[in-house]
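# Architecture and fold: a report
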Amino acid sequence: MMHCPDIAIVGAGPAGAWAAYSLARRGARVAIFDASHPREKPCGGGITGRALAFCAGAIGHLDLPASSIHQARFVDTAGDRSAIVPLDRIDALSLDGRHRRAVDASALVVSSRAAFDAALLAAACRAGATLVPARVFNVEVGPRGASIETSTGVTRAGFLIGADGANSLVRRRLARPFGRDDLSIATGYFAHGVSSHEIVIELAANPPGYIWSFPRPDHLAIGICAQADAGSTAAALRAKAAAWIRHTRIAEGARLEPYSWPIPSLGAGSLRRLELSGRGWCLVGDAAGLVDPITREGIYFALVSGEWAADAAIHGDAAHYAERVRGELVPELAHAARLKAGFFRLASTDLLIRALRRSGAVRNVMANLIAGRQAYAGLRWQLLKTLEWRLAWEALRIGRNPDQVGRRASA
C-alpha cells in the first residue's frame, strides 16, 4: 500500500480512474480507494462516441465486448405505436486504431460497464496509480492536507478527489449532500440470457422520465428513471418496469435480476449553486452532479471532470477547476435541466411518435441526442428547422399541461 500519496482518489469508476490515469502519467503518486470496482453498473450502459474518443488513447490496445446497435425504437405502449431512429452500426468495440468507427464521436456503443470500467482502472494502474481495495469510512481535509480513514488504517495525502458517486461520502463530509430533488431513481432489471440489436425507449409523463432497454453483450439492461421527489418509490417504479417488460415481451425467457441506484439529476438552480471544490479537494463525475438531466448520461462528463481535476491537483488550484466546470460543462447541463419538464411532457401525446415517423430530420436530431453529439444549446434551433416538429416544440417551450397540449394537437 502507498502510505503517503500526493493525491488520494475515493472511487474507482470512470471519473476516479481517469483522474488517476491522468495524474500517474505525469509522475504523481496516486492512491485510489475503492472496495467494489469494477462492477456492473445498474444503468443502460450506453457509452457515447465522444466519451470513447476521449479515453481511446488509454485503452486503445484492448478489445471490449459490445453489442451491435442498429437503431433506437421509440414506443408508446398505451397506443401500441412506435417509430424507428437509425443509429450508426458498431459490430465490436475495438479501440486499437484499426476500426476508426469505434471511436467516432458520432457513435453510441453499449458495452458491459464492468468491462469498460475495468479497462479504465487497469490503464490507471499501468500508468503507476495504486488501487487500495478498502472501504472509506471518513475523510477530512485541513491545512496539512487530507486524511482518508479506511478499514486498513488512515492514509494522508496532499490533495483529495471525490469520485464516489451520487451517494458520495466525500461530498457529505466536505460539502452538502444532494437533496431528493437533485436525484433520480434508476431501477429495473438485468434480463440475463437475452440481447438485441436495438435500444428501446418510452417517454413517460407520470412520473416524468423514461423506460429503456439497452442491449449488452449477454443481457438486456431494462429500467425506468424518474426524479426521486416525484412521489414514486423505487418499488413502484420497478413494478412499472416489470409491467412494461410483460407488455412489450422484450425479455421472454430471461432471468430477471432487480437493481436500484440513485443518479444525480440537478435542476438549473442547483447547477448554479453547485459545490465542486474547496482548499485541497474537489468532486468529479456523479459526485459532482455532472450528469445530463434528460438522458442521465454521465460518462463523458466523468472523464472530462476527472482530467480537469488532475490538472487542479497538480497545480494545487481547486478553485480554477470549479470555474472551468461552471464555465464549460454546467451551461450544457443547465440547458438540459430547463428543457426537461417539457421534454417528458410530450410523452402524454403522440406528437413525438408522429414526428419521428414523418420526418427524417427529426429522426436525425433524436439520433444525435441519443449519441450525445447534439448540444442542448442548439437543440431548439435544430428542432425548429424541422417543420413537423413545430407543434411539439411549442409545447416544450411554453410548458403547457398535457390536456392543453392535447387540445392543440387535435385542433
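Residues numbered from 1 in each chain as written. Predicted model: local features only at pLDDT ≥ 70, side-chain atom pairs only at ≥ 80, totals over all residues. Heavy atoms only, no water.

### Section: the environment of Leu 160
To keep it simple, the criterion reads: Runs of H or I in DSSP of at least four residues are treated as helices and runs of E of at least two as strands, each being numbered from the N terminus. The buried label applies to any residue whose accessible area, calculated with a 1.4 Å probe on protein chains only, is under 20% of its type's maximum; exposed applies above 50%, and partly exposed to all values in between. Contact definition: two residues touch when any of their heavy atoms are within 4.5 Å.
Inspection of the secondary structure puts Leu 160 in strand 14 (residues 159-162). For Leu 160, a relative accessible area of 0% gives the class buried. With 120 residues separating them along the chain, Leu 160 and Gly 280 place their C-alpha atoms 6.3 Å apart. The contacts of Leu 160, once residues within four sequence positions are left out, are Ala 8, Val 10, Val 139, Val 141, Ala 146, Ile 148, Val 170, Leu 174, Gly 280, Trp 281 and Cys 282.

### A few points about the sheet that holds strand 10 (residues 130-132)
Cut-off, in case you're wondering: If DSSP finds at least two bridges between two strands, the strands pair.
The sheet built from six strands is open, its strands ordered 10-2-1-14-21-20 with mixed pairing. Looking along the sheet, the strands with just one partner apiece sit at the ends: strand 10 and strand 20 (277-278). Bridge count for strand 14 against strand 21 (residues 281-283) is three bridges, and the pairing is parallel. The residue bridging Ile 161 from the neighbouring strand is Cys 282, located in strand 21.

### Notes on the sheet that holds strand 13 (residues 153-157)
Selection criterion: Fitted lines through C-alpha atoms serve as axes, helices being fitted only where they are in contact, and the angles separating the N-to-C directions of these axes extend from 0 to 180 degrees.
On the basis of which strands lie adjacent, the open sheet formed by three strands has the order 11-12-13 and antiparallel pairing. The open sheet is flanked by strand 11 (136-142) and strand 13, the only strands paired with a single partner. Across the sheet, the mean angle from the axis of one strand to that of its neighbour is 15°, orientation sign disregarded. Pairing between strand 11 and strand 12 (residues 145-150): six bridges, direction antiparallel. Opposite Gly 142, over in strand 12, you have Gly 145 as the bridge partner.

### A word on the pattern of salt bridges
What counts is decided by this rule: We count a salt bridge whenever a side-chain nitrogen from Lys or Arg sits within 4 Å of a carboxyl oxygen from Asp or Glu.
A full pass over the atoms with the stated rule returns eight salt bridges. With its nearest N and O atoms 2.3 Å apart, the salt bridge here joins Asp 311 to Arg 26. Note that Asp 311 is positioned in helix 8 (residues 299-315) and Arg 26 in the loop between helix 1 (14-24) and strand 2 (30-33), a separation of 285 residues in sequence. Residue classification places Arg 26 among the partly exposed positions, given a relative accessible area of 40%. On the accessibility criterion, Asp 311 (21% relative accessible area) is partly exposed. Overlapping salt bridges, with partners in common, bring together Arg 26, Asp 311, Arg 324 and Glu 328 in one network.

### Observations regarding the side chain of Lys 340
Our working definition: Charge assignment in this entry is limited to Lys and Arg as positive and Asp and Glu as negative, and neither His nor the chain termini are counted. Counted as a polar contact is a pair of N or O atoms within 3.5 Å, where, for protein atoms, one must be capable of donating a hydrogen and the other of accepting one, and residues adjacent in sequence contribute only when both atoms are in side chains.
Of note, Lys 340 is situated in helix 10 (residues 330-345). Although buried, Lys 340 forms no salt bridge, and the nearest oppositely charged side chain, Asp 229, lies 7.6 Å from it. In terms of polar contacts, Lys 340 uses its side chain to reach the side chain of Gln 227, at 2.9 Å. Side-chain polar atoms of Lys 340 contact the side chain of Ser 265, separated by 3.1 Å. Sequence-distant contacts of Lys 340, that is, excluding residues within four places in its chain, are made with Gln 227, Ser 265, Pro 293 and Ile 294.

### Some details on the confidence of the model for the chain
The condition that has to hold: Values of pLDDT, ranging from 0 to 100, describe the predictor's confidence in every residue of the model.
When pLDDT is averaged across the chain, the result is 81; 78% of the residues are at 70 or more. Segment residues 89-106: pLDDT under 50, and 51 contacts once partners within four positions in sequence are set aside and those in other chains are kept. Segment residues 398-411: pLDDT under 50, and 19 contacts once partners within four positions in sequence are set aside and those in other chains are kept.

### Concerning the environment of Ala 124
For Ala 124, the location among the structural elements is in helix 3 (residues 113-127). For the pair Ala 124 and Ala 24, spaced 100 residues apart in the sequence, the C-alpha separation amounts to 7.0 Å. Ignoring sequence-local partners within four residues, the contact set of Ala 124 consists of Ala 17, Ala 20, Tyr 21, Ala 24, Ile 32 and Ala 129.

### Considering the nonpolar core
Threshold: We call a set of buried Ala, Val, Leu, Ile, Met, Phe, Trp, Tyr and Cys residues a nonpolar core when their side-chain atoms join them within 4.5 Å.
Of all hydrophobic cores here, the largest spans 99 residues; its most connected members are Ile 9, Leu 23, Ile 148, Leu 160, Ile 161, Leu 290 and Tyr 321. When residues of this core are assigned to their parent elements, the largest contribution, 11 residues, is made by helix 8.

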